[in-house]
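Structural description and commentary
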Amino acid sequence: MRHKTLCGFMSLLALMWFTPAHAANNDSIPALSPTPQFDMGSTAQSVTFTVNNTSSAGERIYIMRFRINSGSTFNAATAAPAGWTRTAFSTTSVTFQATDWTTSILAGSSMAFTLQLNLRTTSPDVTETLRDARATFTLDTSFGNGITSNGTRTINTPGSWTLKSLQITSFQTTNTSGTPVSAIAAGASFRVVITVKNISNATQSNIVANSSPPTQTRTGTWFSPAGNCSLTSTSPSPLTLAAAASGTMTYTCTTLATDNGTVFFTANVRNGTSTATSRSGNSNVLTVSSVTVAWRPITPAPPSCLFSGNTATMTLRVTNSTAVTITSVAPSGFTLTSANGASTSSLTGPAPASVASLVSGAFQDFVWTVVVTGTVPVPPTTAPNIGVSAAATYTSGATVTTPANSSTKFVDDYVVNLNPTSSNASSANQELTWTVTNRGCANVNSVAITLAPNWIFGTDGYSLVADMTGTDIDTWTLAATTFTAPNAAGRTPVSVPATSTYYDGNYALLFSATPVTTGPSTFTVRVTDDNGAFVDHTTPVAVNAFDPTGPNLTNPSVWREIFQ
């Protein structure tokens with residue numbers, strides 16, 4: 001009766017599979033999901049039983065016996081859990097006993113037993129179980145004077161596992177020459193090589209991957225299509241293997257020049273009838289990174305403007321952002337454009353034309369120069385500009401061309417207008433006003449006017465200038481014929497054509513005398529920004545014959561002459 005009463009007091013649960021030499025998992029689960037998988041012929045494979053004592057009468061489990069009769073055997077390395085002793089062992093049976101009543105399995109508690117298995121070789125795939133697991137109970141609380149058994153309970157065929165006939169022994173990415181690699185340059189091709197071994201005791205025919213091409217797991221930014229790998233060969237072909245023989249299947253994959261990130265592949269294999277299969281395997285992780293191209297600022301660049309007549313220096317930086325050395329690096333597809341009145345001449349470059357190699361993380365600058373001309377239109381609208389574009393080619397298993405990169409640079413200038421543009425000879429108190437609109441690349445700090453011959457300037461000058469807030473101020477200082485901003489806040493800011501926002505200043509000089517002879521007079525206006533860069537503009541004035549019969553009719557001097 002005692003034996004019948006104890007039949008409901010415990011249950012055996014949870015086989016878990018672990019790779020050799022890994023610690024057991026002590027989780028208890030009601031069923032094996034998924035069923036553990038092992039390679040045929042492998043040794044010291046771990047399975048773990050969690051024994052749950054569900055007794056409601058307080059019995060303790062103090063002996064556990066496990067038996068196997070599937071053809072696989074127990075490994076001698078099978079050890080008892082802490083507080084227990086292995087009291088009997090054979091290749092088909094192993095028994096454990098608690099060393100003390102305190103280490104036995106109390107009612108309502110659990111204990112994990114890890115069994116090491118030596119697995120048999122057969123064919124095709126086969127599912128195995130233990131023969132049984134038997135628990136022995138006691139109500140004794142002292143083991144010192146012997147233990148009285150309250151009975152046993154046996155669970156037949158607890159748990160199951162599957163033996164696999166095929167084994168993936170290598171899952172490696174290589175370059176196109178077959179050398180194993182863990183990193184490639186984007187744009188290059190690579191291979192995925194799966195090596196398969198027949199670990200059953202019979203020939204396995206027409207071996208294929210369950211997922212062909214293998215499933216890809218990617219990180220980072222990839223633009224290649226998902227199906228960018230294809231099966232290119234098997235060895236032998238067809239892939240039929242005798243017992244213990246190995247063969248390979250090779251996939252060739254391509255990347256785009258813009259791909260960046262990592263990838264690894266997952267697959268399992270099977271014979272043509274799916275009776276012989278393998279456990280799932282993962283490849284190594286392959287890093288894919290790109291070569292980048294970017295234009296450095298076209299010089300002269302801030303703080304220096306690019307003015308008409310300057311030589312522009314254009315620098316394309318090619319950086320090897322990959323983890324491998326690339327070779328035969330050169331610019332590709334260089335184009336130079338000009339727009340809105342700009343023009344170019346005397347193009348040179350690139351220098352150098354190419355470099356033999358760039359190691360990982362290195363960069364190379366390729367330089368072109370060109371003479372730029374162009375005039376900012378009046379009134380100021382869209383400024384003239386030049387544009388450059390180029391890619392780079394390199395070799396990393398294959399010749400790759402990067403995406404092109406482009407850059408634009410305005411031809412900077414200051415729009416200088418003069419009013420009036422004519423005067424009369426031998427005039428007194430003639431006023432000339434220069435309006436300077438800032439279409440440069442920095443704030444205007446000073447405007448210096450070099451006088452034309454025979455124009456006599458006294459000391460009377462005046463300015464009304466937009467400052468950094470866009471407010472008109474009249475506090476610029478005048479020394480000789482040079483106007484200078486009173487401070488940094490008083491400088492004239494850069495105009496913003498995109499928003500139709502233009503900043504300028506009016507600079508007026510009053511002349512006590514004009515030339516006595518007629519003809520053209522030329523003034524030079526030097527505009528200097530807050531970085532010290534400057535540009536000169538010439539402004540002509542026509543000197544006409546003086547009318548002795550009436551006042552000087554040239555405005556605004558006529559008004560000065562009337563009211564002097």
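Structural data are supplied above this passage.
Residues numbered from 1 in each chain as written. Predicted model: local features only at pLDDT ≥ 70, side-chain atom pairs only at ≥ 80, totals over all residues. Heavy atoms only, no water.

Here we take up the overall build of the protein. Looking only at helices and strands, the protein features 2 helices and 43 strands. A total of 564 residues make up the protein; the buried ones form 44% of that total. Put simply, of all contacts in the protein between residues at least 6 apart along the chain, 72% involve residues at least 24 apart. Accessible surface for the protein amounts to roughly 24,500 Å². Of this, 52% is attributable to carbon and sulfur atoms. (Helix = DSSP H or I, 4+ residues; strand = E, 2+ residues; numbered from the N terminus. Buried < 20%, exposed > 50% of the residue type's maximum accessible area, 1.4 Å probe, protein only. Contact = heavy atoms within 4.5 Å. Areas by Shrake-Rupley, 256 points an atom, 1.4 Å probe, with all protein chains shown as cover.)

Tracing the backbone through its elements, the reader meets Asn52 in strand β3 (residues 45-53). Polar side-chain contacts of Asn52 include one of 2.3 Å to the side chain of Ser110. (Polar contact = N/O pair within 3.5 Å; in protein donor to acceptor, adjacent residues only side chain to side chain.)

This brings us to the environment of Ser389. Within the element layout of this structure, Ser389 appears in strand β30 (residues 385-395). Sequence separation between Ser389 and Phe334 is 55 residues; the distance between their C-alpha atoms is 5.6 Å. Residues contacting Ser389, with those up to four places away along its chain left out, are Trp295, Gly333, Phe334, Thr335, Ala404, Asn405 and Ser406.

Turning our attention to the state of the cysteines. Inspection of the entire model under this criterion finds 2 disulfides. A disulfide bridge connects Cys229 with Cys253, and the sulfur atoms are separated by 2.0 Å. Across the S-S bond of Cys229 and Cys253 the torsion is about 115°, and the bridge reads as right-handed. Taken together, the residues Cys229 in strand β18 (residues 229-235) and Cys253 in strand β19 (residues 246-254) connect sequence positions 24 residues apart. In this model, Cys305 is linked to Cys441 through a disulfide, with the two sulfur atoms separated by 2.1 Å. Residues Cys305 and Cys441 are joined through a disulfide that is left-handed, its torsion about the S-S bond being -110°. One end of the pair, Cys305, is in the loop between β24 (291-295) and β25 (311-320); the other, Cys441, is in the loop between β35 (430-439) and β36 (444-450), and 136 residues separate them in sequence. The exposure class of Cys305 is buried, given its relative accessible area of 3%. Judged by its relative accessible area of 25%, Cys441 falls in the partly exposed class. In the protein, the bonded cysteines, taken in the order they occur along the sequence, pair up as 1-2, 3-4. (Disulfide = S-S within 2.5 Å.)

Attention now goes to the pattern of salt bridges. Scanning all chains against the criterion turns up 9 salt bridges. Glu128 serves as the salt-bridge partner of Arg120, at 2.5 Å between the closest nitrogen and oxygen. Among the residues examined, Arg120 registers a relative accessible area of 25% and is labelled partly exposed. Judged by relative accessible area, which is 2%, Glu128 ranks as buried. A salt bridge links Arg526 to Asp536; the shortest N-O distance between them is 2.7 Å. (Salt bridge = Lys/Arg side-chain N within 4 Å of Asp/Glu carboxyl O.)

The values are spatial; any link to function lies outside them.
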